[in-house]
Amino acid sequence: MKHIFASVFLAAAVTAQLAWSETIAGTASVIDGDTLEIHGTRIRLSAIDAIESRQLCTHSDGRKWNCGKDAAFALANKIGRAPVSCEVSGTDRYRRSVAVCSLRGEDLNGWLVENGWAVAYRRYGTDYVPAEDRARAAGRGIWASNFVMPWDWRQGVR
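A few points on the structure.

Calculation rules
- Residues numbered from 1 in each chain as written.
- Predicted model: local features only at pLDDT ≥ 70, side-chain atom pairs only at ≥ 80, totals over all residues.
- Heavy atoms only, no water.
- Helix = DSSP H or I, 4+ residues; strand = E, 2+ residues; numbered from the N terminus.
- Buried < 20%, exposed > 50% of the residue type's maximum accessible area, 1.4 Å probe, protein only.
- Contact = heavy atoms within 4.5 Å.
- Areas by Shrake-Rupley, 256 points an atom, 1.4 Å probe, with all protein chains shown as cover.
- Disulfide = S-S within 2.5 Å.
- Pairing = 2+ DSSP bridges.
- Core = buried A, V, L, I, M, F, W, Y, C linked by side-chain atoms within 4.5 Å.
- 1 Å grid on protein atoms, 1.4 Å probe; cavity = no way out; pocket = protein on both sides within 12 Å on 5 of 7 lines; lining within 4 Å.
- Points joined across faces, edges and corners; volume = space filled by probe spheres on them.
- Nonpolar A, V, L, I, M, F, W, Y, C, P; charged D, E, K, R; others polar.
- Expected span 1.5 Å × (residues − 1).
- Arc of directions from axis to C-beta.

Focus on the overall build of the chain
So, point 1. A count of helical and extended segments in the chain gives 5 helices and 10 strands.
So, point 2. Evaluated residue by residue, the chain yields a buried proportion of 42% over its 158 residues.
So, point 3. Across the chain, the fraction of contacts at a sequence separation of at least 24, relative to all contacts at a separation of at least 6, is 55%.
So, point 4. Accessible surface, the chain as shown: approximately 9200 Å² in total, 55% of it carbon and sulfur.

Following this line, the structure appears as structure tokens:
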């Protein structure tokens, strides 16, 4: 009897988790290159990692540029005041919603990676690896310079 109850409970929990999905839509404010806020809810873009706002990149001639701020500006310019729709798949350790967000049907997570403003965050998914490969090969965005991967950069500033 205990095994049947445990099996039913586990099946219900898994089904509830798989069925759990939320859409958050509205005018988005850009917090940084991979975080938005809509209606007071912070949303971390899923499976990507953007250069941090305070992070610098270095051109081949040694000139530094604020690629982190440029990533956030690129996202803000892309969105403008148009409504954004985010399909939430969970929350992160900072209690932000984790989502794939779109603008007029275009995947913003993918757009950031494809244009070289973010990298595929393989630790959380591989959906955007092909887009990263194309951005790197074309030298778009951060790939036109030298930079430290955002997860490594964060480790260095702590």
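Now that the structure has been shown, the text picks up again.
So, the state of the cysteines
As used here, a disulfide is simply a covalent bond connecting the sulfur atoms of two cysteines.
So, point 1. Enumeration over the complete set of coordinates arrives at 2 disulfides.
So, point 2. The side chain of Cys57 participates in a disulfide bridge whose partner is Cys67; the two sulfur atoms lie 2.0 Å from each other. Note on the Cys57 and Cys67 pair: the S-S dihedral is about 80°, so by sign convention the disulfide is right-handed. Note that Cys57 is positioned in strand 5 (residues 57-58) and Cys67 in helix 2 (residues 67-79), a separation of 10 residues in sequence. Here Cys57 and Cys67 have matching classes, each one buried.
So, point 3. One disulfide in the model links Cys86 with Cys101; its S-S distance is 2.1 Å. Between Cys86 and Cys101, the S-S dihedral sits near 110°, and the bridge is therefore right-handed. With a gap of 15 residues between them, Cys86 in strand 7 (residues 83-91) and Cys101 in strand 8 (residues 97-103) connect regions that are remote in the sequence.

A closer look at the pairing of strand 2 (residues 35-38)
So, point 1. With 4 bridges joining them, strand 1 (residues 22-32) and strand 2 adopt antiparallel strand pairing. Its bridge partner lying in strand 2, Ala28 is registered against Ile38.
So, point 2. In this structure, the hairpin formed by strand 1 and strand 2 is closed by a connection of 2 residues.
So, point 3. Here strand 2 pairs with strand 3 (residues 41-45) via 4 bridges, running antiparallel.

Brief notes about the nonpolar core
So, point 1. Judged by nonpolar contacts, the single largest core of 39 residues is most densely connected at Leu36, Val84, Cys86, Cys101, Leu112 and Ile142.
So, point 2. Looking at which element gives the most residues to this core, the answer is helix 2, with 5 residues.

Looking at the pairing of strand 7
So, point 1. Inspection of the sheet shows strand 1 paired to strand 7 by 6 bridges, in the antiparallel sense. Residue pairing across strands places Thr27 opposite Pro83, the latter belonging to strand 7.
So, point 2. Turn length for the strand 7-strand 8 hairpin, with the two strands adjacent in sequence and antiparallel, is 5 residues, and the turn residue Arg95 shows positive phi of about 65°.

Quick notes on the layout of surface pockets
So, point 1. The volume enclosed by the largest pocket comes to roughly 590 Å³.
So, point 2. As for the largest pocket, its lining consists of 25 residues, of which Arg44, Tyr94, Arg96, Tyr121 and Tyr124 are closest to the centre.
So, point 3. A per-element tally of the lining of the largest pocket places helix 5 (residues 150-157) first, with 4 residues.
So, point 4. Partitioning the lining of the largest pocket into residue classes produces 9 nonpolar, 3 polar and 13 charged.

Things to note about helix 2
So, point 1. Taking 1.5 Å per residue as the helical rise, helix 2 with its 13 residues ought to reach 18 Å, and the 18 Å between its terminal C-alpha atoms agrees with that figure.
So, point 2. Residues Cys67, Gly68, Ala71, Ala72, Ala74, Leu75 and Ile79 constitute the buried set of helix 2. Taken around the axis of helix 2, the buried residues stretch over an arc of 155°, which confines them to a single face. Exposed side of helix 2, more than 90 degrees from the buried face: Phe73 and Asn77 are the residues found there.
So, point 3. Two residues or fewer after helix 2 comes Gly80, characterised by a positive phi angle close to 60°.

In short, the description is geometric, and any link to function would need to be established separately.
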